[in-house]
Amino acid sequence: MTANISFIHDRQFVNNTTLIEGESQELVDVLQKIVQNAGALLDVQNCSVALLDATQTTLVTLAALQKQGQRLRQTRFQLNEGVAGWVAEHREALIINNVSLDQRFKRLGRTPVGSIICVPLIDKNSFIGTLTASSQEIDAFDEKKVRMLSIFAEQAVLAITNARRAEISQRQANQLETLMHLSRSITTSLEPDILYRTILSELRRLVPYDLSVVYLYREGAQELYSVAEWYSIPVDVSTEYEENKRDSGVKSAYVQRESFSLYDTHSVVALAAAHRHPMLHAPGQNGQDVTLAELATPFVSKGLLYGVLLLKRKQPFDSEELRLVRNLSTLAAAALENVALFQEMRTDQEQLHAILTSSSDGIALLGVNACFVEVNAAFGQVFGVEPQQVIGMECMELLGYAEEEEADYCRELCMVQQALNKEEALPYIEVDLQIQGVPRSLGLSITPIVSPEKTLSLLVARDVTSIRDAARMKANFLSMITHELRSPLNAINGYLDLTLEGIGGELNEQQREFMQRARAGSEHLYALIEDLLLASRADSGQLRLSREIIHLQDVIANAVEELELNARDQGITMVVEIAKDFPRLYADAVRLQQVLRNLISNALRFTEQGGQVTVSAWVEDRDALTMDSSDEDTRVIKLQVSDTGIGIVPEHQERIFERFYQVPDGSNGRSGQGLGLAIVKMIIELHNGSVTVESTPGRGSTFTCTLPCLLS
Ligand code: ADP
């Protein structure tokens, strides 16, 4: 079988202008007129035009002088013999004045012939046929008549070439129209089954076939498998169809039964796929069986193989049909590529849809102006609305955020708005909202999705009201306990002070020492309870700032004064750097003093004798990058506490602001609860500020608070 398989080379696709079968009636009419005129002028009874057929070996009579009503007999005669053979070979006119004396003449019809003239029909150096006139008489023709016949021959050539060109253009126009129609119908179908059916049915309008099959290529397994077949045969043609006999007359059958390797050299389909090139298999005989002609063209788009189209029939395929099938395959390949992309996209979309619908988290996609583009059912539930209701609505509108509201109150919502405006990520934030009149707590996170066409944001929302309530209950409980602990501790401290002052009688040396230790211990306990109380108040949402117009110089002076004695005892120098005319700020003085107290006491605890602790404050222009154009004041206060102490290793610097976090072995025997810096951070953030640390182990640490509380 392989021996008959042939590659199709592009040069084989030259336009074949040789037609006989479908020669147009107009051409035959013109030729008929030519023979009539030629016959009349030459005064003969017999005159005919014969043209070469597609095989280029046979001449077929297309027009002849004949009696009224008589049907033209399409006489066929071989080119390599007789008068026509000689004329074709020599490409010149031939006169035989007495046919009985010339071997070249062979009588074809019943009419007796005495003499004959035959002129070649030459189109651009190609022999295309003959114009022949004969007479029953001997010596009926001379050179003059040859010239006359030659003129008619030229006219005939013109008529033939024109008619054939017109015929070819008409056919091509029809094919083009079919291809365009086909292109439209196959590129619009994205359902694979419909596409295969369309390819095969449309193909039938272009090229007749008995059986056609669409194979798809499975890249991983390097194999081809059939996905659609179309029979259009009376099925007794060949044993090749044996297995399909029961399907006789069935127009189409879609089965997945045949698959073979890409490297199967016995199959035209595999060869066409492997070589990415059309393959032809001529019809023939295989023992008893008739083998059908096969034409296989690969579906290749952008260098990728999608499958193969196979056609089978009894008659061989010609180059014109091959060209058409190849064009169709190119169109079909593009359509298959679309289908593959669509399928891929649909799978992705289905997966995405499944995630969206099954997720218990509210998920929303935000588009231009942070408006909802898509939301899942859970998102609707979180906000107590139907998902469709929010499509097109602005996110901040749904969150009930009005910019004019007090910034303190909706600090988290401000952050959400900023993240959306600047298309930035917001890892996780908890906001308190009124949803349908009920206070709820939502955990929100925003992730920008940047694609070349547009920017979208993904908003994930989860109702954390119950978690928040539980946390608040815990914090309330802690707050209550610590509060209750504080009162008896106050009393203990008071009585210890009274005892130490000798109100209850003179103390001996040992009693005094014991009392002093007890006093130090209870003071430490008191400090711890104070810190815990503050943290639990913040957690239960009870911690509110009481802001007023303050002078930072005073706050710093008070904090330094509180700890000056400790510094002196430890042999540490305290330095304060702040301008006398430092602008006033709108802040909570008590809390800021607490910040400074925590930072300075830490600095003193971690600095050796002879070291220095510096408290400084200055006004600075806000970092241009983080500056929000909507903020009126572009200046911030920097409040800094730096020391020349032991420093903090980098891996702990991030975590020291967490509650109860202490640098392992970093305390150096100095006591602490790991709450001091967490409280600093909490207070500074309540002021909408931030706190950072820079530290070099062995050289010291610098804690910097940035506060946007300047009075303009
Ligand atoms: P604590 O009350 O235990 O000191 P903090 O939250 O105040 O808790 O501090 C956390 C940890 O940070 C401390 O345990 C300490 O190791 C480290 N730290 C804080 N301030 C300094 C400083 N100025 N120098 C060195 N280490 C510090």
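Our subject is the structure that appears above.
Residues numbered from 1 in each chain as written. Predicted model: local features only at pLDDT ≥ 70, side-chain atom pairs only at ≥ 80, totals over all residues. Heavy atoms only, no water.

Asks: Can you explain the pattern of salt bridges? Please cite residues and give values.
Replies: Applying the stated rule across the entire model yields 20 salt bridges. Between E81 and K106 there is a salt bridge whose closest N-O contact spans 3.5 Å. Here K106 lies in the loop between β5 (94-96) and β6 (115-123) and E81 lies in the loop between β4 (76-78) and α2 (82-90), a separation of 25 residues in the sequence. Since its relative accessible area comes to 35%, E81 is described here as partly exposed. For E320, the salt bridge identified is with R323, shortest N-O distance 2.9 Å. Note that E320 and R323 are positioned in helix α6 (residues 319-358) at a spacing of 3 residues, about one turn of the helix. Note on E320: relative accessible area 16%, which makes it buried. Through salt bridges that share partners, D432, R468 and D469 make up one connected network. (Salt bridge = Lys/Arg side-chain N within 4 Å of Asp/Glu carboxyl O. Helix = DSSP H or I, 4+ residues; strand = E, 2+ residues; numbered from the N terminus. Buried < 20%, exposed > 50% of the residue type's maximum accessible area, 1.4 Å probe, protein only.)

Asks: Give a detailed account of unusual backbone geometry, specifying residues and quantitative values.
Replies: Here the phi dihedral of N369 falls at roughly 55°; this positive angle occurs in a residue that is not glycine. Of note in the backbone geometry, F660 takes a positive phi value of approximately 60° without being a glycine. Along the chain, F660 turns up in the loop between α15 (650-653) and α16 (676-686).

Asks: Explain the site of the ligand to me, using residue names and the numbers behind them.
Replies: With respect to spatial proximity, 19 residues lie near the ligand, and among them N602, R605, Q662, G674 and L677 are the closest. Within the side chain of R605, an N or O atom sits 2.8 Å from an oxygen atom of the ligand. Residue G674 places a main-chain N or O atom 2.8 Å away from an oxygen atom belonging to the ligand. Compared with its free state, where it exposes 530 Å², the ligand has 98% of that area covered by protein. Ranked by residues supplied to the shell around the ligand, first place goes to helix α14 (residues 589-605) with 3 residues. Residues belonging to the shell around the ligand are distributed by class as follows: 9 nonpolar, 8 polar and 2 charged. (Near = heavy atom within 4 Å. Polar contact = N/O pair within 3.5 Å; in protein donor to acceptor, adjacent residues only side chain to side chain. Areas by Shrake-Rupley, 256 points an atom, 1.4 Å probe, with all protein chains shown as cover. Nonpolar A, V, L, I, M, F, W, Y, C, P; charged D, E, K, R; others polar.)

Asks: Any chance you could break down the pairing of strand β17 (residues 362-366) for me, citing the residues and the numbers?
Replies: Of all the 5 residues making up β17, 4 are buried; the element is thus mostly covered by neighbouring parts of the structure. Pairing between β17 and strand β21 (residues 455-463): 5 bridges, direction antiparallel. Each bridged residue has a counterpart across the sheet, and for L365 the counterpart in β21 is L458. Both β17 and strand β18 (residues 372-375) contribute to a ladder of 3 bridges, which runs antiparallel. Bridging across to β18, A364 finds its partner in V375. Counted between consecutive antiparallel strands, the loop separating β17 from β18 contains 5 residues, among which N369 sits at a positive phi close to 55°. (Pairing = 2+ DSSP bridges.)

Asks: Outline the environment of T198, supporting the account with residue identities and numerical values.
Replies: Within the fold, T198 resides in helix α4 (residues 192-206). Judged by its relative accessible area of 13%, T198 is buried. Discounting chain neighbours no more than four positions away, the residues touching T198 are S185, I186, S189 and L203. (Contact = heavy atoms within 4.5 Å.)

Asks: Please set out helix α1 (residues 25-42) residue by residue, giving values where relevant.
Replies: Across its 18 residues, α1 extends 25 Å between first and last C-alpha, which sits within 8% of the 26 Å expected from 1.5 Å per residue. Within the sequence span of α1, burial applies to L27, V28, L31, Q32, I34, V35, A38, G39 and L42. Relative to the axis of α1, the buried residues are bounded by an arc of 160° and lie together on one face. Away from the buried face of α1 by more than 90 degrees, exposed residues E26, K33, A40 and L41 are located. A positive backbone phi angle near 60° is found at D43, which sits one or two residues after α1. (Expected span 1.5 Å × (residues − 1). Arc of directions from axis to C-beta.)

Asks: Tell me what's going on with the packing of α4 against α6, and back it up with residues and numbers.
Replies: At a closest axis distance of 11 Å, the pairing of α4 and α6 adopts a crossing angle of 170°. Comparing their axes, α6 and α4 come out roughly antiparallel. Contacts between α4 and α6 involve P192, L195, Y196, I199, L203 and L206 from the former and L324, V325, L328, A332, A335, L336, V339 and Q343 from the latter. A class-by-class count of the residues in the contact of α4 with α6 yields 13 nonpolar, 1 polar and no charged. (Axes fitted to C-alpha atoms, helices over the stretch in contact; angles between N-to-C directions. Parallel < 35°, antiparallel > 145°, perpendicular 65-115°, else oblique.)

Asks: Go over the packing of helix α13 (residues 552-570) against α14 with me, naming the residues and quoting the values.
Replies: Remark: α13 packs on α14, axes separated minimally by 9 Å, with the N-to-C direction vectors making an angle of 25°. For the element pair α13 / α14, the angle class is roughly parallel. For the pair α13 and α14, the crossing hand works out as right-handed. Mapping the contact onto sequence places L552, V555, I556, N558, A559, V560, E562, L563, N566, A567 and Q570 in α13 and A589, L592, Q593, L596, R597, I600, S601 and L604 in α14. A breakdown of the residues in the contact of α13 with α14 according to their chemical character gives 12 nonpolar, 5 polar and 2 charged. (Left-handed = near helix turned anticlockwise from the far one by under 90°.)

Asks: Can you break down the sheet that holds strand β28 (residues 700-707) residue by residue, with the values?
Replies: Spatially, 5 strands are ordered β23-β25-β26-β28-β27 in an open sheet, and the strand pairing comes out mixed. Across the chains shown, the open sheet's two edge strands, defined by having one partner strand only, are β23 (573-577) and β27 (690-696). Strand-to-strand, the axes of this sheet are offset by a mean angle of 15°, without reference to chain direction. Here 7 bridges tie β27 to β28, and the two strands are oriented antiparallel to one another. By the bridge assignment, T696 is partnered in β28 with G700. Of the strands in this sheet, β23, β25 (612-621) and β26 (635-643) touch α13, which is tilted by about 175° from β23. Packed on one face of the sheet, α14 meets β23, β25, β26 and β28 and runs near 30° to β26.

Asks: Residues and numbers for the pairing of strand β20 (residues 438-450), please.
Replies: Here 8 bridges tie strand β19 (residues 426-435) to β20, and the two strands are oriented antiparallel to one another. Among the inter-strand pairings, E430 is bridged to a residue of β20, identified as G443. Between β19 and β20, which pair antiparallel in sequence order, lie 2 residues; one of them, Q436, sits at a positive phi of approximately 50°. Bridge count for β20 against β21 is 9 bridges, and the pairing is antiparallel. Bridge assignment links L444 to a residue of β21, and that residue is A461. Between β20 and the antiparallel strand that follows it, β21, lie 4 residues.

Asks: Lay out α4 with the relevant residues and their values.
Replies: Over its 15 residues, α4 extends 22 Å from the first C-alpha to the last, a length consistent with the 21 Å expected when each residue adds 1.5 Å. If you check which residues of α4 are buried, you get P192, L195, Y196, T198, I199, L200, E202, L203 and L206. Where the residues of α4 are buried, they touch α3 (143-188), β8 (211-218), β9 (223-231), β16 (304-313) and α6.

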